Each structure stands twice: as C-alpha cells, then as structure tokens.
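Inside the fold
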Amino acid sequence: MFNVAICDDEEKQRELVKTMLISLSLKTNIDFQITLFASGEQLVSHYKNVGDAFHILIMDVEMSGMNGIQTAQEIRNMKYLDVQIMFLTSYPEYMVESFDVVTFQYLIKPILPDIFEEKMIKLCQYFKAQDKKYVLIKSDYEELLLKYDDILWIEVMKSLTIKNKLKFVTQENSHESKGILSSYAAALKDHGFLQIHRSIIINLMHVQKFAGTQVVMLNGTELPIGRSKVKEVKDAYTKYMIMRIQ
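Residues numbered from 1 in each chain as written. Predicted model: local features only at pLDDT ≥ 70, side-chain atom pairs only at ≥ 80, totals over all residues. Heavy atoms only, no water.

**Regarding helix α1 (residues 11–28)**
Let me state the cut-off plainly: Elements are defined by DSSP. Helices are runs of H or I of four residues or more, strands are runs of E of two residues or more, and each kind is numbered from the N terminus. Helix span is expected to be 1.5 Å times the residue number reduced by one. In this scheme, a residue with accessible area under 20% of its type's maximum is buried, one over 50% is exposed, and one in between is partly exposed, where area comes from a 1.4 Å probe on protein chains only. Comment: arc refers to directions from the helix axis out to C-beta atoms.
Taking 1.5 Å of rise per residue, the 18 residues of α1 would be expected to cover 26 Å, and the 26 Å separating its terminal C-alpha atoms lies within 8% of that figure. Buried within α1 are the following residues: Gln13, Arg14, Val17, Met20, Leu21, Leu24 and Ser25. Looking straight down α1, one finds its buried side chains confined to an arc of 140°; they lie on one side. Across from the buried face of α1, at angles greater than 90 degrees, the exposed residues are Glu11, Lys12, Leu26 and Lys27.

**Let's talk about the nonpolar core**
Side chains that are nonpolar tend, in soluble globular proteins, to be buried together. Quick note on the threshold: Put simply, buried Ala, Val, Leu, Ile, Met, Phe, Trp, Tyr and Cys residues joined by side-chain atoms within 4.5 Å make one nonpolar core.
Core analysis: the largest hydrophobic core is formed by 21 residues, its most contacted members being Leu43, Tyr47, Phe54, Leu57, Met59, Ile75 and Phe87. Listed in part, the 20 residues of the second largest apolar core include Leu21, Leu24, Met86 and Phe127.

**Overview of the packing of helix α2 (residues 40–50) against helix α3 (residues 68–77)**
Rules: With axes taken as lines fitted to C-alpha atoms, and helix axes fitted only over the stretch in contact, angles between N-to-C directions fall between 0 and 180 degrees. Small angles under 35 degrees read as roughly parallel and large ones over 145 as roughly antiparallel, with 65 to 115 read as roughly perpendicular and the rest as oblique. Residue contacts follow a heavy-atom distance rule, with two residues in contact if any of their heavy atoms lie within 4.5 Å. Polarity classes work like this: nonpolar for Ala, Val, Leu, Ile, Met, Phe, Trp, Tyr, Cys and Pro, charged for Asp, Glu, Lys and Arg, and polar for all others, with Gly in that last group.
Contact pair α2 / α3: the axes reach a minimum separation of 9 Å and the direction vectors enclose 10°. In terms of orientation, α2 lies roughly parallel with respect to α3. Side by side, α2 and α3 meet where Gly40, Leu43, Val44 and Tyr47 of the first sit next to Thr71, Glu74 and Ile75 of the second. Looking at the contact of α2 with α3 residue by residue, the class counts come to four nonpolar, two polar and one charged.

**Examining the sheet that holds strand β15 (residues 222–224)**
Rules: A pair of strands is treated as paired once DSSP finds two or more bridges between them.
Strands sit in the order β13-β14-β15 across an open sheet of three strands; the sheet is antiparallel. Strands with a single pairing partner mark the edges of an open sheet, and in this sheet they are β13 (207–211) and β15. Taking the axes of each pair of neighbouring strands and ignoring which way they run, one obtains an average angle of 25° across the sheet. Sheet analysis places β13 next to strand β14 (residues 214–217), joined by four bridges and oriented antiparallel. Residue pairing across strands places valine 207 opposite methionine 217, the latter belonging to β14.

**Looking at the environment of serine 64**
Mapped onto the fold, serine 64 is located in the loop between β3 (56–60) and α3. Counting along the chain gives 14 residues from serine 64 to valine 50, while the straight-line C-alpha distance between them is 23 Å. Once you skip the residues sitting within four places of it in the chain, serine 64 turns out to touch Asp9 and Glu41.

**Re the sheet that holds strand β4 (residues 84–89)**
If you trace the five strands from one edge of the open sheet to the other, you get β2-β1-β3-β4-β5, paired in parallel fashion. Only two strands of the sheet have a single neighbouring strand rather than two, namely β2 (32–37) and β5 (105–108). With direction set aside, neighbouring strand axes in the sheet form an average angle of 20°. Sheet topology places β4 next to β5; four bridges connect them, and they run parallel.

**Side note on the pairing of strand β7 (residues 143–147)**
Residue alternation in β7 divides its side chains into a buried set, Leu144 and Leu146, and an unburied set, Glu143, Leu145 and Lys147. With five bridges connecting them, strand β6 (residues 134–138) and β7 associate as antiparallel partners. Within β7, the residue paired with leucine 136 across the bridge is leucine 145.

**Some points on α3**
Note that an α-helix has 3.6 residues per turn; residues three or four places apart therefore point the same way. As a reminder, the rule being used: Whenever a nitrogen or oxygen atom comes within 3.5 Å of another N or O atom, the pair is scored as a polar contact, on the condition that within protein one atom can donate a hydrogen and the other can accept it, and that pairs from neighbouring residues in sequence are kept only if both atoms are in side chains.
Where α3 is concerned, the buried positions are Gly68, Ile69, Thr71, Ala72, Ile75 and Arg76. Buried residues of α3, viewed axially, fall in a sector of 155°; they line one side. The distance from a side-chain oxygen at the start of α3 to the backbone nitrogen of isoleucine 69 is 3.1 Å, and the residue carrying that oxygen is asparagine 67. Looking one or two residues past α3, lysine 79 carries a phi angle of roughly 75°, positive in sign.

**Describing the layout of surface pockets**
The line we're drawing: Cavity means a closed set of points on a 1 Å grid over the protein atoms alone, one where a 1.4 Å probe fits but cannot get out, pocket means an open set with protein on both sides within 12 Å along at least 5 of 7 lines, and lining means a residue has an atom within 4 Å of a point. Grid points are joined across faces, edges and corners, and a volume is the space filled by probe spheres set on the points.
Looking at the largest pocket, its volume works out to about 820 Å³. As for the largest pocket, its lining consists of 31 residues, of which Gly51, Asp52, Ala53, Tyr80 and Asp150 are closest to the centre. Elements with a minimum of two residues in the lining of the largest pocket: β2, α2 and β7. When residues in the lining of the largest pocket are grouped by element, the largest group, five residues, is from β7. Broken down by class, the residue content of the lining of the largest pocket amounts to 13 nonpolar, 10 polar and eight charged. Computed from the structure, the second largest pocket encloses a volume of approximately 310 Å³.

Below is the structure:
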C-alpha cells in the first residue's frame, strides 16, 4: 500500500485526483491510502505533528497562502527527503523552480487520466525497486513501509494478550507489529542489523558506543547485550565499521 497525500486548495481538483487514483487502483490492484489537504499549511502541520507519513505527495503549485513549491521546501527542510513529489500546475514556467525541491514529476493541467496513470505507475515501480531497502510491518491499524536506515532497533514487547508482539523504533516514532524476532534478525543480517539479545535487534549504523554489557545508541538509549553475546556483538560492530570505511 502506498500512502498518498493530495494537496490542492480547490476541492474539485482534490476529488478529481482522488478519483483517478481509485480508478488506477481498480485497474492495477495497486493499493493507495489517500489523505486530502486543502492547503500547504495543513500538509506542513501534518508533517510537524505526525512525521513521515507519505510515500507520494501530489500538490498543486498555485495555492492561496503557502504555494506548492514553498510547501515542498518546508517538508524538505524537515529532512523528509524520501517522499516523492508530483506537482500539478497550469503554468509551465514553475517547472525550473520546482527542481530545487527534487520533484519526481510535473504535470500540466488539465490532467489527462492516461498521462497521470502512466506517471503514477512509474512512481510505484520506483518504490517497488526500492523494496530491498524497506521492511513492511503490519498492525491492527496500519500497514507501514519503514526504510532500513530509519530503524534504530527492534525489540520484543511483553504482552499478556498478544503473542509475538514487536516494537520497531525510529528516530521520530515507534510502531507496534507482530512477528518473530529471529526471522527479522535473519532477514536483516546483511543490511547492518545484529541481534544483541534474545529480545533486541539493533541497526549498527545507529550505535554510538559500547559500555560494558550495554550498547548506547546515537539517541542516547542504552540497550542490554546478552551476556553470551558481548564478544560476538563487539566483533560484528568492528567488522561493520571496517566495511563501511573501505
């Protein structure tokens, strides 16, 4: 599933783009979760309060208040660099200006459904090509793609009601899911992750230092290392760092 934000100050245009996305989903079985915003200010506020929620932003350039390019600049300045932006406009002269915010595509209004679908399919193919860099987690409320580099650690959560409950911790948020920790340890081993405890996997790129039987992450969190794993963990980290500087 791809989380898509449609940002346009005209309701008719928001609904038009939403309808085209739904039509594309019916034709291709690509799932979209669509959220509508009536202004750039609303979208920026969402990013400030919720965080990195979208894979794709479809934005009108000409909006009252904060225009589309200003909105994109605000989002990029918040270091949300992976979200892909598609601009919609009636004025081609904005195209050069939009390059500064790393735009995926630039479509001229009126939007032709065939062209829109072609560009969206290419964008979805881009994300699928990046699948090896993402992990899909599921909970009762959401499906979420997390980029490997954004995950600090994964840990088992104690629960009396849910079996195999896991927490995925990122710099901004934590997300609960269900799964077997050892399965993630095996799948992520070649991507810089290491199981340091029977209930914890860490991302080695986010390690600050080791302190006895604990590892200190870059955000200051201290995590325990299993007694039998201390040497193995330190050796693995040393090897990881050597590989990074070669």
